[in-house]
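# Structural overview
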Amino acid sequence: MSSNADKQEIRCYLLGTLDSDRKTELEERLLFAPETYEEVVIVENELLDQYVAGGLNELERQQFETNFLITAERHKDFRFAQLLKRYVTSHVNPGAPAKKPFTFSMLPAAGRPLIAFSIAGVTLLGIVLLGWIVGRRPITRSVQKSAEPVVVVTLAPGSFMSEGVTMPRVNVPPKGYNLKLELELANPRFRNYKWELFRENKSMQTSGELRSEAKGQQFVVPLTISGEILPGDYQVKLSGVSESGADEFIQNYSFRVIE
């Protein structure tokens, strides 16, 4: 052991009670004297063992918690010492002859890499076991509920009763089916669209903003009518949403629902 840094001095240094002049001298030796570093590591291990085992008095425990546990490496070593003590305690055989318990300070000063490798090995083993368990468990796939069935009708622009034009006719959708309309666009110049549904001149439904979709060489605005579809004459008023947010009427689309 170095004549300028005895064990008690190192202990005071680690607990934060060494005077500033001696502290500076010790830290300089730590930079240039490997044997001093080894002695510091030994005392660190002894302090860890004593703290975990309850061997420090109240003042030393406060100094340990305030001044010793100030680095990430010491926190890691401290947790390892706690786990080691817990493991040894839980595996003591009451009928076996008493043996000197293994402590953190039994590790050589150069054993820090060994500790790191041990922790890494335990972690890797845990990952492998977890993967094995997961691999043996049956894979549960989430089954997405299929969309409700729909009746699709494509509508071209047109008024209610254009002369010479037959109004598209739609049978009442079966129970559980929705009616999906695809409104053809002559000029898809708007980014968003809105629609309002009328049945025999009475407003039935309105929508939020929708986007157009390409269907072959044609663009359409798809919309789904919810609720019960009753026989009668229907009309859809389609509007485009301008950059200012104002609605601009585009065209009416008409169809007749029959039984």
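About the cut-offs
- Residues numbered from 1 in each chain as written.
- Predicted model: local features only at pLDDT ≥ 70, side-chain atom pairs only at ≥ 80, totals over all residues.
- Heavy atoms only, no water.
- Phe/Tyr/Trp six-rings, centres within 6.5 Å; stacked < 30°, edge-to-face > 60°.
- Buried < 20%, exposed > 50% of the residue type's maximum accessible area, 1.4 Å probe, protein only.
- Helix = DSSP H or I, 4+ residues; strand = E, 2+ residues; numbered from the N terminus.
- Axes fitted to C-alpha atoms, helices over the stretch in contact; angles between N-to-C directions.
- Parallel < 35°, antiparallel > 145°, perpendicular 65-115°, else oblique.
- Left-handed = near helix turned anticlockwise from the far one by under 90°.
- Contact = heavy atoms within 4.5 Å.
- Nonpolar A, V, L, I, M, F, W, Y, C, P; charged D, E, K, R; others polar.

## Looking at the packing of aromatic side chains
Within the structure shown, the criterion is met by four aromatic pairs. Summarising the aromatic geometry, the rings of Phe190 and Tyr193 are spaced 6.0 Å apart at their centres and angled 75° between planes, so their arrangement reads as edge-to-face. Phe190 gets classed as buried once you look at its relative accessible area, which sits at 9%. The exposure class assigned to Tyr193 is buried, which follows from its relative accessible area of 0%. Relative to Phe255, the ring of Tyr234 has its centre 5.2 Å away and its plane inclined at 5°; by these criteria the two rings are stacked. Taken together, the residues span a long stretch of sequence, with Tyr234 in strand 8 (residues 232-241) and Phe255 in strand 9 (residues 247-258) at a distance of 21 residues. A relative accessible area of 4% places Tyr234 in the buried class. A residue is classified by how much of its surface remains accessible, and Phe255, at 0% relative accessible area, is buried.

## So, the packing of helix 1 (residues 7-15) against helix 3 (residues 34-53)
Helix 3 packs onto helix 1 with a crossing angle of 65° between their chain directions and a minimal axis gap of 10 Å. In terms of their interaxial angle, helix 1 and helix 3 are classed as roughly perpendicular. For the pair helix 1 and helix 3, the sense of crossing is right-handed. For the pair helix 1 and helix 3, the contacting residues are Lys7, Ile10, Arg11, Leu14 and Leu15 in the first and Glu39, Val40, Val43, Glu44, Glu46, Leu47 and Gln50 in the second. Looking at side-chain class alone, the contact of helix 1 with helix 3 contains six nonpolar, one polar and five charged residues.

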